Amino acid sequence: MTWWQSLLIAIIPAIITAFISWIISYTQIKNTKKELKEKYENESKLYIRKTQFDNEFNIYKELSEKTVTMVSDIVSNIYPSGLVFKHNDLNALKQYQVKIYNMCEISFTEAHKAINKYACFIPKNWYERFIAIKQLCALQLKSFFAYEINSLLNSGYNTQECYQRTSKIEEEILKLIDDLRTYINDLTNKEKSNAD
């Protein structure tokens, strides 16, 4: 056996080992790249879903806050349910009514702005329900202004309708909030299952 044959016999296993190591490394790198790409895509999708969830949650949070504040102000101050105490002094009564009206008008305007702001970001049925409550509250405000502040009670207007409308507003807001709780709970559960 010559020196080059000995060298060839010694080098061939090294070449084969190097080639096999290269194939294994190449396959591992390729698999690692594939795994990282899938992980990145999944994290991107999760981030997008999380962002969408957060945005939707914040929309409903603001809408419900502004709407409930509006309803609370109007229902508890304008044609409220239960006993109502009125001032004996007509001037003091008028000042109190104007103060109540202004406070309710501010909360009404805030709710109105929020509903309009998110009109195209919420489903039509939710939008319509917010609008229906807002319209009932607007009618209460208009009635209060016309018949209490401007003293048009002698025009034959029945304030009993206003008190009945207060009950309807209370019922509608309770239904809406209950349905929103269910909807948001479903969103939360869906978000948790997507995160897993």
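Since the model is a prediction, treat every value here as computed from it, not as a measurement.

Analysis parameters
Residues numbered from 1 in each chain as written. Predicted model: local features only at pLDDT ≥ 70, side-chain atom pairs only at ≥ 80, totals over all residues. Heavy atoms only, no water. pLDDT = per-residue confidence, 0-100. Helix = DSSP H or I, 4+ residues; strand = E, 2+ residues; numbered from the N terminus. Phe/Tyr/Trp six-rings, centres within 6.5 Å; stacked < 30°, edge-to-face > 60°. Buried < 20%, exposed > 50% of the residue type's maximum accessible area, 1.4 Å probe, protein only. Salt bridge = Lys/Arg side-chain N within 4 Å of Asp/Glu carboxyl O. Polar contact = N/O pair within 3.5 Å; in protein donor to acceptor, adjacent residues only side chain to side chain. Contact = heavy atoms within 4.5 Å. Core = buried A, V, L, I, M, F, W, Y, C linked by side-chain atoms within 4.5 Å. Disulfide = S-S within 2.5 Å.

## A few points about the confidence of the model for the protein chain
Item 1. Averaged over all residues, the pLDDT of the protein chain is 86; the fraction at 70 or higher stands at 91%.
Item 2. Within the protein chain, helix 2 (residues 90-117) carries the highest mean pLDDT (93), whereas helix 1 (residues 3-77) carries the lowest (85).

## Describing the packing of aromatic side chains
Item 1. Applying the stated criterion to the full structure yields nine aromatic pairs.
Item 2. For the pair Y60 and Y183, a centre-to-centre distance of 5.5 Å together with 80° between the ring planes defines the contact as edge-to-face. Of this pair, Y60 sits in helix 1 while Y183 sits in helix 4 (residues 159-195), placing them 123 residues apart in sequence.
Item 3. Ring geometry for Y79 against F144: centres 6.0 Å apart, planes inclined by 80°, an arrangement best described as edge-to-face. Taken as a pair, Y79 in the loop between helix 1 and helix 2 and F144 in helix 3 (residues 124-149) lie far apart in primary sequence, 65 residues in all.
Item 4. Since its relative accessible area comes to 5%, F144 is described here as buried.
Item 5. Site record: aromatic cluster; members linked through ring pairs are F19, W22 and Y26.

## Topic: the pattern of salt bridges
Item 1. The tally for this structure, following the rule as stated, stands at seven salt bridges.
Item 2. Linking D54 and K50 is a salt bridge whose minimum nitrogen-to-oxygen distance equals 3.2 Å. On the criterion of helical spacing, the pair formed by D54 and K50 is a turn pair, its members being four residues apart in helix 1.
Item 3. Take K50: its relative accessible area is 39%, and that puts it in the partly exposed class.
Item 4. Residues participating in the shared-partner salt-bridge network are K168, E172 and K175.

## Re the side chain of Q140
Item 1. Mapping Q140 onto the fold places it in helix 3.
Item 2. A polar contact of 2.9 Å, which involves the side chain of Q140, links it to the side chain of T166.
Item 3. When near neighbours in sequence (up to four residues on either side) are disregarded, Q140 contacts I74, I78, Y79, C162, R165, T166 and I169.

## Regarding the nonpolar core
Item 1. With 37 residues, the main nonpolar core has L63, M70, V71, I78 and C137 as its most contacted residues.
Item 2. With 12 residues, helix 3 is the largest single contributor of residues to this core.
Item 3. Not counting residues within four places of it along the chain, the set of residues in contact with C137 comprises M70, V71, I74, F108 and I169.

## What about the state of the cysteines?
Item 1. Applying the stated rule across the entire model yields zero disulfides.
Item 2. C104 forms no disulfide, and the closest cysteine sulfur to it belongs to C137, at a distance of 8.9 Å.
Item 3. Of the cysteine sulfurs around C162, a residue in no disulfide, the closest is that of C137, at 12 Å.
Item 4. Overall, the relative accessible area of 0% leaves C162 in the buried class.

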